Amino acid sequence: MNLRSHHLVGLYCFYWVARLGSFKEAAEQMNITAAAMSQQIRQLEDRLAVSLFHRLHRSIELTHEGRLLQPAAQQAFELLNRAIDQVGADPEPNSLAISVLPSFGQTWLVSRLGLFNQQHRDLSVYLMASDNLADFNQERLDLCIRFGLGQYDGLESKLLMPDHLYPVAHPDYLKSHGIRGLEDLHKATLIEDQRPDMNWKRWLANVGITAKLPAPAIRYAGAQVVLEGALSGQGVALVRHSLAYKALSQGLISSIGDYEVQSNYRYYLVAPESYFKRQKVQLFERWISEAATQFYSQSQQLMPRHRIRLSAD
């Protein structure tokens, strides 16, 4: 009789029952009920037209046919399990490759990454800056850090941290243009990111400002470039807290008004599900999650006082 696909489940059940000598223990190993295990064995015996076990009062024993089948089943499934382990193994366990948004990498991650290196000196880190979601089938990568809705086909996303949007400008620009609060934005040149979450019109509507303002005069593709525009005194920019905090704490820019809007976009760790089981990825995930928590607890004092819990999208 030739092997058929409908034999495989029954053969795998037989492998575990023969190995453990118990229907109950084999069922627990496979996370199925003992009744389901017994049914699978019965179906296999019916297809093979033989009995594989002597079912005794408190135990089971392999029949002659069962003893013939058992070594082959054990060798086949253990060989298959070893091959699966090799396929899923980390090809470079001592090297961690991360794709990160250029803005987040430059402004937030790089300055903190030395702490991770100090804790894990046997692990080298390769950081690749890119706005595009990496193709894990084509690139040697372990993890991506992205800012979005966390929905990426075929990949698992783990929330890292939220972010908040508010306007900032260089202190000299605010002074020279007489801008003291949001009511003075009509005097400003507005700088806007092309990303949908950084829309000035939507942000103003969320905080309840209905006065008509000039359309943004300067539009950039990229949050870091928008921040640089504010730092260089070009106007008032709508920025993300995670990127603006360092410049705010150094007095290089100032926030305007008392309102910030929590973005519907968030930072996520993104990778194939199996990659999150790699030890090096787990080490980095634990470290960066703690760093993100610490960042928000320490940076709250520089955020505008009033949070609007509406989506900026």
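Q: It is not clear to me how helix H5 (residues 102–119) should be interpreted in this structure. Could you clarify?
A: Given 3.6 residues per helical turn, the α-helix brings residues three or four places apart onto the same face. Across its 18 residues, H5 extends 24 Å between first and last C-alpha, which sits within 8% of the 26 Å expected from 1.5 Å per residue. Taken as a whole, H5 has its buried residues at Ser-103, Phe-104, Gly-105, Thr-107, Trp-108, Leu-109, Arg-112, Leu-113 and Phe-116.

Q: Explanation requested: unusual backbone geometry in the structure shown.
A: Most peptide bonds take the trans form, and the phi angle of most residues other than glycine is negative. Unlike most non-glycine residues, Asn-31 shows phi in positive territory, near 60°. Note on placement: Asn-31 falls in the loop between helix H2 (23–30) and helix H3 (34–48). The phi dihedral of Ala-49 falls on the positive side, at around 60°, and the residue is not glycine.

Q: Mind showing me how you'd approach the side chain of Arg-146 here?
A: For Arg-146, the position within the fold is in strand S5 (residues 143–148). No salt bridge is formed by the buried Arg-146; the nearest opposite charge belongs to Asp-131, separated by 7.0 Å. A polar contact of 2.7 Å, which involves the side chain of Arg-146, links it to the side chain of Ser-99.

Q: In this structure, what is going on with the packing of aromatic side chains? I would like to understand it.
A: Here the distance between the centres and the angle between the planes together describe a pair of aromatic rings. For the structure on display, the rule yields 19 aromatic pairs. When the ring of Phe-104 is compared with that of Trp-108, the centres are 4.9 Å apart and the planes differ by 15°; the resulting orientation is stacked. Linking Phe-104 with Trp-108, this pair stays in helix H5, spanning four residues, or about one helical turn. Take Phe-104 and Trp-108: they sit in the same class, and that class is buried. Among the aromatic residues, those joined into a ring-pair cluster are Phe-104, Trp-108, Phe-147, Tyr-245, Tyr-265, Tyr-267, Phe-295 and Tyr-296.

Q: It is not clear to me how helix H10 (residues 279–299) should be interpreted in this structure. Could you clarify?
A: Here H10 is 21 residues long and its end C-alpha atoms lie 30 Å apart, about the 30 Å a rise of 1.5 Å per residue gives. Within H10, burial applies to Lys-280, Val-281, Phe-284, Glu-285, Trp-287, Ile-288, Ala-291, Ala-292, Phe-295, Tyr-296 and Ser-299. On its buried face, H10 is in contact with strand S3 (95–100), H5, S5, strand S6 (156–169), helix H9 (241–249) and strand S11 (259–271).

Q: Explanation requested: the packing of H5 against H10 in the structure shown.
A: Two packed helices can be described by the angle between their axes and the distance between those axes. Running from N to C, H5 and H10 point in directions that differ by 130°, and their axes come no closer than 11 Å. When the interaxial angle is binned, H5 and H10 end up oblique. Crossing hand, H5 versus H10: right-handed. Side by side, H5 and H10 meet where Trp-108, Leu-109, Arg-112, Leu-113, Leu-115, Phe-116 and Gln-119 of the first sit next to Leu-283, Phe-284, Trp-287, Ile-288, Ala-291, Ala-292 and Phe-295 of the second. Partitioned by chemical class, the residues of the contact of H5 with H10 number 12 nonpolar, one polar and one charged.

Q: What am I meant to see in the pattern of salt bridges here?
A: Side chains that differ in charge, positive against negative, can pair when their charged atoms come close. For the structure on display, the rule yields eight salt bridges. When the shortest N-O distance is used, the salt bridge between Asp-142 and Lys-280 registers 3.2 Å. You can see Asp-142 sitting in the loop between strand S4 (124–129) and S5 and its partner Lys-280 sitting in helix H10, a full 138 residues away along the chain. In this structure, Asp-142 and Lys-280 share a single accessibility class: buried. For the salt bridge of Lys-158 with Glu-285, the shortest nitrogen-to-oxygen distance reads 3.4 Å. Of the two residues, Lys-158 sits in strand S6 while Glu-285 sits in helix H10, which places them 127 residues apart along the sequence. Several salt bridges share partner residues, and in doing so they unite Arg-42, Glu-45 and Arg-55 into one network.

Q: Please explain the environment of Gln-194 as it appears in this structure.
A: Mapped onto the fold, Gln-194 is located in the loop between strand S7 (190–193) and helix H7 (200–206). For the pair Gln-194 and Asn-31, spaced 163 residues apart in the sequence, the C-alpha separation amounts to 50 Å. Dropping the residues within four chain positions of it, Gln-194 is found in contact with Arg-219, Tyr-220 and Ala-221.

Q: Explain the pairing of S7 to me, please; I cannot follow it from the model alone.
A: As a general feature of sheets, a regular strand has side chains that alternate between the two faces. Covered by surrounding structure in S7 are Leu-190 and Glu-192 together with Ile-191 and Asp-193, the residues of both alternating faces. Where S7 and strand S9 (residues 236–240) come together, two bridges link them in parallel fashion. In the strand pairing of S9, Ile-191 is matched with Ala-237. Sheet analysis places S7 next to strand S8 (residues 218–220), joined by three bridges and oriented parallel. Along S8, the bridge assignment pairs Glu-192 with Arg-219. For the crossover that starts at S7, traverses H7 and ends in the parallel S8, the hand is right-handed.

What counts, and where the lines are drawn
- Residues numbered from 1 in each chain as written.
- Predicted model: local features only at pLDDT ≥ 70, side-chain atom pairs only at ≥ 80, totals over all residues.
- Heavy atoms only, no water.
- Helix = DSSP H or I, 4+ residues; strand = E, 2+ residues; numbered from the N terminus.
- Expected span 1.5 Å × (residues − 1).
- Buried < 20%, exposed > 50% of the residue type's maximum accessible area, 1.4 Å probe, protein only.
- Lys, Arg positive; Asp, Glu negative; His and termini not counted.
- Salt bridge = Lys/Arg side-chain N within 4 Å of Asp/Glu carboxyl O.
- Polar contact = N/O pair within 3.5 Å; in protein donor to acceptor, adjacent residues only side chain to side chain.
- Phe/Tyr/Trp six-rings, centres within 6.5 Å; stacked < 30°, edge-to-face > 60°.
- Contact = heavy atoms within 4.5 Å.
- Axes fitted to C-alpha atoms, helices over the stretch in contact; angles between N-to-C directions.
- Parallel < 35°, antiparallel > 145°, perpendicular 65-115°, else oblique.
- Left-handed = near helix turned anticlockwise from the far one by under 90°.
- Nonpolar A, V, L, I, M, F, W, Y, C, P; charged D, E, K, R; others polar.
- Pairing = 2+ DSSP bridges.
- Right-handed = clockwise from strand over helix to strand, strands pointing away.

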